[in-house]
Amino acid sequence: MITLYDSRQSGNGWKVRLLLSFLNLPFERKVLDLAAGEARTLEFLRLNPLARVPVLVLDDGTPLVESNAILIHLARDTPWLPSTPREQSRVLQWLFFEQFDHLRYFARPRYLVSIARLGEKHADEIAYLRQIGQKALAALETRLACTPFLTGGHCTIADIALFPYTSMAEMGGYDLRPHPSVCGWIERIRALPGFIPLIADSP
Ligand SMILES: N[C@@H](CCC(=O)N[C@@H](CS)C(=O)NCC(=O)O)C(=O)O
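In this text, all values refer to a predicted model and were calculated from it rather than measured experimentally. (Residues numbered from 1 in each chain as written. Predicted model: local features only at pLDDT ≥ 70, side-chain atom pairs only at ≥ 80, totals over all residues. Heavy atoms only, no water.)

### Brief notes about the sheet that holds strand S2 (residues 28–32)
Strand pairing in a sheet relies on backbone hydrogen bonds, with the paired strands running either antiparallel or parallel.
Then, in step 1: Taken in spatial order, the four strands line up as S2-S1-S3-S4 in an open sheet, and their pairing is mixed. Looking at which strands have only one partner, the edges of the open sheet turn out to be S2 and strand S4 (63–65). Each strand axis lies, on average, 25° off the axis of its neighbour in the sheet, ignoring direction.
Then, in step 2: Where helix H1 (residues 11–22) meets the sheet, its contacts fall on strand S1 (3–7) and S2, and the angle it forms with S1 comes to roughly 140°.
Then, in step 3: Its contacts with the sheet place helix H3 (residues 67–75) against strand S3 (55–57) and S4, and it is angled at close to 120° to S4. (Pairing = 2+ DSSP bridges. Helix = DSSP H or I, 4+ residues; strand = E, 2+ residues; numbered from the N terminus. Axes fitted to C-alpha atoms, helices over the stretch in contact; angles between N-to-C directions. Contact = heavy atoms within 4.5 Å.)

### Considerations on the side chain of Asp159
Then, in step 1: As for its placement among the helices and strands, Asp159 is situated in helix H6 (residues 157–167).
Then, in step 2: No salt bridge is formed by the buried Asp159, whose closest oppositely charged neighbour, Arg188, lies at an N-O distance of 7.7 Å.
Then, in step 3: In terms of polar contacts, Asp159 uses its side chain to reach the side chain of Trp185, at 2.8 Å.
Then, in step 4: When neighbours within four sequence positions are excluded, Asp159 is seen to be in contact with Phe149, Leu150, His154, Trp185 and Ile189. (Buried < 20%, exposed > 50% of the residue type's maximum accessible area, 1.4 Å probe, protein only. Lys, Arg positive; Asp, Glu negative; His and termini not counted. Salt bridge = Lys/Arg side-chain N within 4 Å of Asp/Glu carboxyl O. Polar contact = N/O pair within 3.5 Å; in protein donor to acceptor, adjacent residues only side chain to side chain.)

### Digging into the site of the ligand
Then, in step 1: With respect to spatial proximity, the complete set of residues near the ligand consists of Ser10, Asn12, Leu34, Arg40, Ala51, Arg52, Val53, Pro54, Glu66, Ser67, Gln99 and Tyr165.
Then, in step 2: Arg40 is positioned with one of its side-chain polar atoms (N or O) 3.4 Å from an oxygen atom of the ligand.
Then, in step 3: Within the side chain of Gln99, an N or O atom sits 2.9 Å from a nitrogen atom of the ligand.
Then, in step 4: The protein chains hide 75% of the 510 Å² of surface that the ligand would expose on its own.
Then, in step 5: Tallied by class, the residues present in the shell around the ligand amount to five nonpolar, four polar and three charged. (Near = heavy atom within 4 Å. Areas by Shrake-Rupley, 256 points an atom, 1.4 Å probe, with all protein chains shown as cover. Nonpolar A, V, L, I, M, F, W, Y, C, P; charged D, E, K, R; others polar.)

### Things to note about H6
In an α-helix, one turn spans 3.6 residues, which is why side chains three or four residues apart end up on the same side.
Then, in step 1: With 11 of 11 residues buried, H6 is to be regarded as a mostly interior element.
Then, in step 2: Turning to H6, its buried residues are Ile157, Ala158, Asp159, Ile160, Ala161, Leu162, Phe163, Pro164, Tyr165, Thr166 and Ser167.
Then, in step 3: Contact partners of the buried residues in H6: H1, H3, helix H4 (85–115), helix H5 (123–144) and helix H7 (180–190).
Then, in step 4: Its side-chain oxygen at 3.1 Å from the backbone nitrogen of Ala158, Thr156 defines the N-terminal cap of H6.

### A closer look at the nonpolar core
Then, in step 1: Membership of the largest hydrophobic core comes to 49 residues, with the highest contact counts inside it found for Ile157 and Trp185.
Then, in step 2: Within the residue set of this core, elements represented by two or more residues are H1, H3, H4, H5, H6 and H7.
Then, in step 3: Top contributing element to this core by residue count: H4, with eight residues.
Then, in step 4: For this core, the domains that each give at least three residues are domain 1 (3–75) and domain 2 (85–190).
Then, in step 5: Setting aside residues no more than four positions away along its own chain, Trp185 makes contact with Leu144, Pro148, Phe149, Leu150, Asp159, Leu162, Phe163 and Thr166.
Then, in step 6: Counting residues in hydrophobic clusters, the runner-up holds nine residues, among them Leu32, Phe44, Leu47 and Ala51. (Core = buried A, V, L, I, M, F, W, Y, C linked by side-chain atoms within 4.5 Å. Domains from an automatic or database assignment.)

Printed below as a string of structure tokens:
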């Protein structure tokens, strides 16, 4: 059985768990305590030398790292990754956008404000990150004003990749209310069959 190394609060891990749930694929979940250094053990560094989750270990023991690479691996030959080269390129476009223009600007403010509770100490850094993050939100709003999901009428891994940290943006002090199309998209994803929250009542 495949094994997912994850942490309780990881939005990147949530991407993978969402897709596993939408695909109804069984997996074993290993939840690491990052603050306690559980991603820095020799055993884990052999899976991911960057000491980060998520890592998906395949049936044959091969570790896959980088959340969006894992999404592509799992979505291949399913409707979550369209089949034509042109459609696939449009999905990839959003996956690269997520890693370069989005992830850090949403994940780090969320971590500082709501998890580490260091918002005041890092106020300047958070303001800088949010300023850049606003551009990403504006890009999402523009796109989602035209189509229900990022690449058209169907939810794909492009949406799954952007969903976690956008939907948790308010934890980092963002205001999503000026972005009604983004808010509608978040609700559409939450309503999909198989959707799971970041932290379920029973882990
Ligand atoms: N680009 C990576 C980022 C992964 C990442 O930043 N993971 C965080 C948890 S959400 C982590 O493990 N942080 C621990 C660290 O960087 O020390 C991905 O998309 O998977």
